[in-house]
Amino acid sequence: MAYTPIGEKDLIFIDTETTGLEPRIHEVIEIAIIRVNLKLGTRIIYETKIKPQHIETASPKALEVNGYTEEAWAKAPYLGEIAREIVELLKDGIIVGHNVSFDTSMISGALKE
């Protein structure tokens, strides 16, 4: 198996906030991405709230934990408006984070819609 040295690929740190724990039911309502190119010493920082389309399926506890209010998310874009940006930021790098499998499953589920 061939390996690519870590310095040859960007590191992509991700974190999401969601309306619950089930990718098929719940939505990403906030995402943070930091993309670091170690070779060039550059980084891109992207963070945004995302307006939920199915707030009725949200877990009340998840909304409480994430501080969700209609007012705080009033000017947030819908996922469809920013999906291309997110895909570009996540492309061709090494994804790093806490509980990455959860974050990537939620992002993947959301982008499939």
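Going by the structure above, here's the rest.
Attention in this report is confined to the structure presented alongside it. (Residues numbered from 1 in each chain as written. Predicted model: local features only at pLDDT ≥ 70, side-chain atom pairs only at ≥ 80, totals over all residues. Heavy atoms only, no water.)

A few words now on the nonpolar core. Counting residues in hydrophobic clusters, the biggest one holds 16 residues, and the most contacted among them are Ile 31, Ile 33, Tyr 46, Ile 86 and Leu 90. Listing elements by their share of this core, those giving two or more residues are strand 1 (10-18), strand 2 (28-37), helix 2 (79-90) and helix 3 (100-112). By residue number, the principal contributor to this core is helix 2, which donates five residues. With sequence-adjacent residues up to four places away left out, Tyr 46 is seen in contact with Ile 31, Ala 32, Ile 33, Ile 82, Glu 85, Ile 86 and Leu 89. Among the nonpolar cores identified, the runner-up in size contains six residues, and Ile 29, Ala 58, Tyr 68 and Ala 76 belong to it. (Core = buried A, V, L, I, M, F, W, Y, C linked by side-chain atoms within 4.5 Å. Buried < 20%, exposed > 50% of the residue type's maximum accessible area, 1.4 Å probe, protein only. Helix = DSSP H or I, 4+ residues; strand = E, 2+ residues; numbered from the N terminus. Contact = heavy atoms within 4.5 Å.)

Our focus in this paragraph is the packing of helix 2 against helix 3. Remark: helix 2 packs on helix 3, axes separated minimally by 10 Å, with the N-to-C direction vectors making an angle of 130°. On the basis of their axis angle, the class for helix 2 and helix 3 is oblique. Once helix 2 is placed against helix 3, the crossing between them reads as left-handed. Together, Leu 79, Ala 83, Ile 86, Val 87 and Leu 90 of helix 2 and Ile 107, Ala 110 and Leu 111 of helix 3 make up the contact between the two elements. In terms of residue class, the contact of helix 2 with helix 3 is made up of eight nonpolar, no polar and no charged. (Axes fitted to C-alpha atoms, helices over the stretch in contact; angles between N-to-C directions. Parallel < 35°, antiparallel > 145°, perpendicular 65-115°, else oblique. Left-handed = near helix turned anticlockwise from the far one by under 90°. Nonpolar A, V, L, I, M, F, W, Y, C, P; charged D, E, K, R; others polar.)

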